[in-house]
Every structure is written in C-alpha cells, then in structure tokens.
Amino acid sequence: MNDEQLLRYSRHILLPEIGIEGQGKLIGSHALIIGAGGLGSPAALYLTASGVGTLTLCDNDTVDLTNLQRQILHRTASVGTNKVDSAKATLAEINPEVRVNSLKEKVESERLLELVANADVVLDCSDNFATRYALNRACIKLKKPLVSGAAIRFAGQVAVFDFRHEDSPCYHCLYPENSENEDTRCAEMGVFAPLVGIIGSLQAAEALKLLMEAGTTLNGKLLLIDALHSGLRTIKLSRDAKCPVCNSP
Ligand SMILES: [Zn+2]
C-alpha cells in the first residue's frame with residue numbers, strides 16, 4: 001500500500017479485526033454484483049469506498065425517474081442512460097482506484113458461470129427469482145460465497161450461503177423453485193427508500209467480512225427486517241436433505 005492508500009483506508013486499518021492485512025485482502029479481491037438498483041447501489045458504493053480492488057457490476061436496465069427515490073448510485077441527470085454507465089461514473093468519483101467492469105447485460109447460464117468463476121464473492125442484488133436461482137446454482141457449482149438480499153414494501157432480508165463449506169444450505173433450500181414464489185415488483189407493491197439502503201449495506205458488510213475472513217457472517221442464517229415497526233430477527237436455516245439443487249453432484 002502506498003501513503004495515499006494508507007490514509008484513504010486508515011479508519012479500516014485502525015480496526016484490529018481488519019488492519020493492514022485485511023485491507024490488503026480487500027484491495028486484492030474481486031466482487032461480483034448482480035443488479036445496480038436499490039440494493040446494488042449501497043452495496044457497490046460501500047465496496048468501492050472500502051477499496052475492494054475489482055468490482056463487476058451487471059444490469060441490463062436504464063435509469064428511470066421512478067428509480068431515484070432509492071437507487072442512490074444514480075443522478076437526475078442520468079435518467080435515460082444505462083444503469084451500469086451511471087453507476088461507473090458515480091463510483092469513479094468516490095474511489096478511482098477501484099477497477100469497475102460495467103456490463104449492460106442480462107447474464108444467464110454460461111456467461112454467469114464465467115463471471116462467478118472470476119469473483120471472490122457474489123452479491124445478489126437482483127429483483128427476480130429467475131436470476132436468484134441461476135446465481136445460486138452458479139455459486140454452488142463453483143463453491144463461491146453468495147450474499148443474497150431482497151426488499152419489498154417495508155420488509156427486507158439478507159442471507160449468506162458460503163458454498164466453500166460443504167454443508168451450507170442454499171437459496172433453493174429456503175425458497176424451493178416451482179412453489180408459490182412469484183416476483184413481487186417494487187413497481188406494483190412499493191418499497192421504503194431507506195430499507196433498500198439498509199439491506200444493500202448489510203450485503204456489503206457481509207461481503208467485506210467474507211473477503212477478509214473477519215468476524216462472523218450470516219452464513220446459514222436469514223436476517224429479517226421489518227422497517228415499519230423496527231423489528232429485527234435472525235433465523236437459522238438448515239439444509240434441505242431433499243433439495244435437488246445443492247444435493248445434486
Ligand atoms: Zn439447497
């Protein structure tokens with residue numbers, strides 16, 4: 001680390017649980033974020049400010065006026081432009097040291113495997129079950145830690161599935177495919193602005209700890225937040241012995 005980096009990251013380095021070693025790990029890491037919306041915004045902002053060396057950000061959407069109430073990566077002047085380009089511009093202002101790969105694509109199958117393979121941690125900041133299931137499968141296959149987040153109305157949740165551990169449950173164990181899981185869209189249901197900030201920031205915190213191997217993560221646990229009544233609880237997830245996704249070879 002050069003003098004400027006020592007200053008920029010000094011408040012992390014001061015923490016004994018992080019120190020020079022932990023910060024060095026962040027600088028040498030690569031995080032993949034799927035989605036540059038409500039959850040991806042705070043997640044990308046904190047990972048960038050924290051100095052994660054490389055960030056790959058995928059989103060196929062353009063910035064809409066209705067996004068600005070909560071998607072804090074984007075600016076009024078960015079309405080109509082690609083979300084990933086808008087995000088890259090904001091992130092470069094915060095920390096030009098971070099290499100940001102911005103991909104305007106809806107990533108599926110083989111391409112997703114390629115992106116996950118290159119990442120040290122994966123953040124699911126998407127808004128639909130198809131992407132969540134595909135990411136879950138890719139992370140299981142490649143044994144990568146997955147930080148999953150979701151928020152709708154006033155309800156939010158975060159879970160970590162660290163597939164580097166053999167006995168980790170998976171997203172499918174929690175929400176089996178083909179059940180009554182229908183995509184609930186913010187456009188129809190509404191979402192409380194700071195809630196996505198809380199959930200996306202928690203995802204960033206979990207990702208940073210996974211990268212630094214610091215503290216205890218939410219691995220195998222689901223954190224639920226009720227932002228309307230200020231409720232917070234954590235439940236332990238167990239692996240479904242009959243889950244066809246994480247039990248298949
Ligand atoms: Zn499973």
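Residues numbered from 1 in each chain as written. Predicted model: local features only at pLDDT ≥ 70, side-chain atom pairs only at ≥ 80, totals over all residues. Heavy atoms only, no water.

Engineer: Describe the nonpolar core, listing the residues and the values that go with them.
Structural biologist: A general tendency of soluble globular proteins is for nonpolar side chains to be buried together. Counting 40 residues, the largest nonpolar core has Ile-33, Leu-47, Leu-55, Leu-91, Val-121, Leu-123 and Val-147 as its most contacted members. At nine residues, helix 10 (residues 193–212) tops the list of elements feeding residues into this core. Ignoring sequence-local partners within four residues, the contact set of Leu-123 consists of Ala-31, Leu-32, Ile-33, Ile-34, Ala-43, Leu-47, Val-147, Gln-203, Ala-204 and Ala-207. (Core = buried A, V, L, I, M, F, W, Y, C linked by side-chain atoms within 4.5 Å. Buried < 20%, exposed > 50% of the residue type's maximum accessible area, 1.4 Å probe, protein only. Helix = DSSP H or I, 4+ residues; strand = E, 2+ residues; numbered from the N terminus. Contact = heavy atoms within 4.5 Å.)

Engineer: Outline the coordination of the zinc ion, supporting the account with residue identities and numerical values.
Structural biologist: Donor atoms from the polypeptide that bind the zinc ion are Cys-170 (SG), Cys-173 (SG), Cys-243 (SG) and Cys-246 (SG), placed at 2.3 Å. The site at the zinc ion holds four donor atoms, and with the angles between them running 98 to 117°, its shape is tetrahedral. The motif formed by the donor residues of the zinc ion, counted along the single chain, is C-x2-C-x69-C-x2-C. Of the two residues, Cys-170 is situated in the loop between strand 6 (155–162) and helix 8 (171–174) and Cys-246 in the segment after strand 8 (231–236); the sequence distance between them amounts to 76 residues. Each member of the pair, Cys-170 as well as Cys-246, is classed as buried. (Donors = N, O, S within 2.8 Å, 3.2 Å for Na, K, Ca; no water. Tetrahedral: all angles 85-135°; square planar, octahedral: opposite > 155°, others 65-115°.)

Engineer: Any chance you could break down the packing of helix 6 (residues 109–117) against helix 7 (residues 129–142) for me, citing the residues and the numbers?
Structural biologist: Packing of helix 6 against helix 7 leaves a shortest axis separation of 9 Å and a crossing angle of 50°. Compared by their axis directions, helix 6 and helix 7 come out oblique. For the pair helix 6 and helix 7, the crossing hand works out as right-handed. Where helix 6 abuts helix 7, its residues Leu-112, Leu-113, Val-116 and Ala-117 lie against Ala-134, Leu-135, Ala-138, Cys-139, Lys-141 and Leu-142. (Axes fitted to C-alpha atoms, helices over the stretch in contact; angles between N-to-C directions. Parallel < 35°, antiparallel > 145°, perpendicular 65-115°, else oblique. Left-handed = near helix turned anticlockwise from the far one by under 90°.)

Engineer: Please set out the pattern of salt bridges residue by residue, giving values where relevant.
Structural biologist: In total, this model carries seven salt bridges according to the counting rule given. A salt bridge links Arg-164 to Asp-162; the shortest N-O distance between them is 2.8 Å. Arg-164 sits in the partly exposed class, given a relative accessible area of 41%. Taken together, the shared-partner salt bridges in this structure form one network comprising Glu-105, Arg-111 and Glu-114. (Salt bridge = Lys/Arg side-chain N within 4 Å of Asp/Glu carboxyl O.)

Engineer: How would you summarise the packing of aromatic side chains if you had to cite specific residues and measurements?
Structural biologist: Throughout the structure, instances matching the rule amount to eight aromatic pairs. Relative to Phe-192, the ring of Phe-154 lies with its centre 4.9 Å away and its plane at 40°, an arrangement referred to as tilted. Within this pair, whereas Phe-154 is found in the loop between strand 5 (145–152) and strand 6, its partner Phe-192 is found in the loop between helix 9 (186–189) and helix 10, the two being separated by 38 residues in sequence. A residue is classified by how much of its surface remains accessible, and Phe-154, at 32% relative accessible area, is partly exposed. By relative accessible area, Phe-192 is classed as partly exposed at 35%. On the numbers, 6.3 Å between centres and 10° between planes, the contact of Phe-161 with Phe-163 is stacked. With a relative accessible area of 7%, Phe-163 lands in the buried category. Members of the aromatic cluster, each reached through a chain of ring pairs, are Phe-129, Tyr-133, Phe-161, Phe-163, Tyr-171 and Tyr-175. Geometry around Phe-129 places Arg-132 over its ring, the cationic atom sitting 5.1 Å from the centre. (Phe/Tyr/Trp six-rings, centres within 6.5 Å; stacked < 30°, edge-to-face > 60°. Lys NZ or Arg CZ within 6 Å of the ring centre and 35° of its normal.)

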